[in-house]
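As a plain string of letters, each chain reads:
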Amino acid sequence: MSAAALVIAAENLMPALRDRVKVDGEILTFPDTEPIQALQTIMEQQPNLVILERLFAATPRGAALINRIKSDPELAHTEVRVMSHTGDYTRQVVKPTATKSPAPAAAAAGAAAGSHAGAASVATEEPPRALDWHGTRRAARFRVRPGVEVQLDGNPAAIVDLSTVGAQVISPTVLRPNQKVRITLPNDEFLLRFRGAVAWAKFELPKSTEAPQYRAGVEFTDGDAAAIDSVINRNRT
């Protein structure tokens, strides 16, 4: 039998928050230092309600946990609520709704209507999109084959995509925006060493069987563009 609710909060705030939860059935509690264990229980129990204390929900780990629940179709019925232990704040997290694409017949009809409009129709052009959703990418990046790594301050990170001015990486080590890093990139028989900075970073909770990770965009400060380009050409997919 699944639990009715699961509450996550700092241990010193848990009693006050727990008293505010009024549901019928079992209530499970987890300290905010154990988001992985909480996620595993959420996946197994699929409670009707998950409550995050407001201070925890505002942290990267809290935001990652909320996004993980929102994106899982098996947890579609689970309501996520952010509450303050003081009782002055409550917010229900709205899950994204799937949008249906127009039926083929309707799309064809729309296209036909546009073609008959003739001179009366005015062609419109979509505004240019940022090269990535953070708006930080300054050059085209290329996907690289699995297993290609870079070292950031001596810590390994997997490269997702790479350009001559930056890369998207996945790291088990903490990365923070504006963090300055020393970069080591393998290039055949020698190593490229240069400096860079973390442009953006977010904490992720993948599947419950995988370890937490940081996904980040790293901008290169003084990398050799020609040498980096040769790395791209050898490893791009």
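Definitions and limits used
- Counting from 1, residues in each chain are numbered in the order their sequence is written.
- The predicted nature of this model means local features are confined to residues of pLDDT at least 70 and side-chain atom pairs, given and counted, to a pLDDT of 80 or more, with totals for whole chains, interfaces and linings taken over all residues.
- Side-chain metrics in this entry use all non-hydrogen atoms of the structure; hydrogen atoms and water are not considered.
- Residue exposure (1.4 Å probe, protein chains only): buried if accessible area is under 20% of the type maximum, exposed if over 50%, otherwise partly exposed.
- Put simply, DSSP marks the helices as runs of H or I at least four residues long and the strands as runs of E at least two long, and each gets a number from the N terminus on.
- Any pair of residues with heavy atoms lying within 4.5 Å of one another is described as a contacting pair.
- To qualify as a nonpolar core, a set must consist of buried Ala, Val, Leu, Ile, Met, Phe, Trp, Tyr and Cys residues joined through side-chain atoms within 4.5 Å.
- Paired strands are those between which DSSP finds at least two bridges.
- Fitting a line to C-alpha atoms yields each axis, with helices limited to the stretch in contact; the angle taken between N-to-C directions then spans 0 to 180 degrees.

A.B. asks: Talk me through helix α2 (residues 35-45); I want residue IDs and the actual numbers.
C.D. replies: Those residues of α2 that sit buried are Pro-35, Ala-38, Leu-39, Thr-41, Ile-42 and Met-43. Its buried side turned inward, α2 meets β1 (5-9), β2 (27-31), β3 (49-53), α3 (54-57) and α4 (60-71). Phi for Gln-46, located one or two positions after α2, is positive at around 50°.

A.B. asks: For the nonpolar core, give the residues involved together with the corresponding values.
C.D. replies: In this structure, Leu-6, Ile-8, Leu-52, Leu-65, Ile-66 and Ile-69 are the most contacted members of the largest nonpolar core, which totals 24 residues. Excluding residues within four positions of it along the chain, Leu-65 makes contact with Ile-8, Pro-35, Leu-39, Leu-52, Phe-56 and Leu-205. Among the nonpolar cores identified, the runner-up in size contains 23 residues, and Ala-157, Ile-159, Val-218 and Phe-220 belong to it.

A.B. asks: Give me the lowdown on the sheet that holds β1, citing residues and values where you can.
C.D. replies: Here we have five strands laid out as an open sheet, ordered β2-β1-β3-β4-β5, and mixed in their pairing. Edge positions in the open sheet fall to β2 and β5 (90-93), since each of these has one partner strand only. On average, each strand axis in the sheet is inclined to that of its neighbour by 20°, with strand direction left out of account. Of the strand pairs in this sheet, β1 and β3 are connected by four bridges, and their pairing is parallel. Following the sheet pairing, Ile-8 is matched in β3 by Leu-52. On the sheet, α2 packs against β1, β2 and β3 and is oriented at approximately 155° with respect to β2. Relative to the sheet, α4 contacts β1, β3, β4 (79-83) and β5, its axis offset from that of β3 by approximately 165°.

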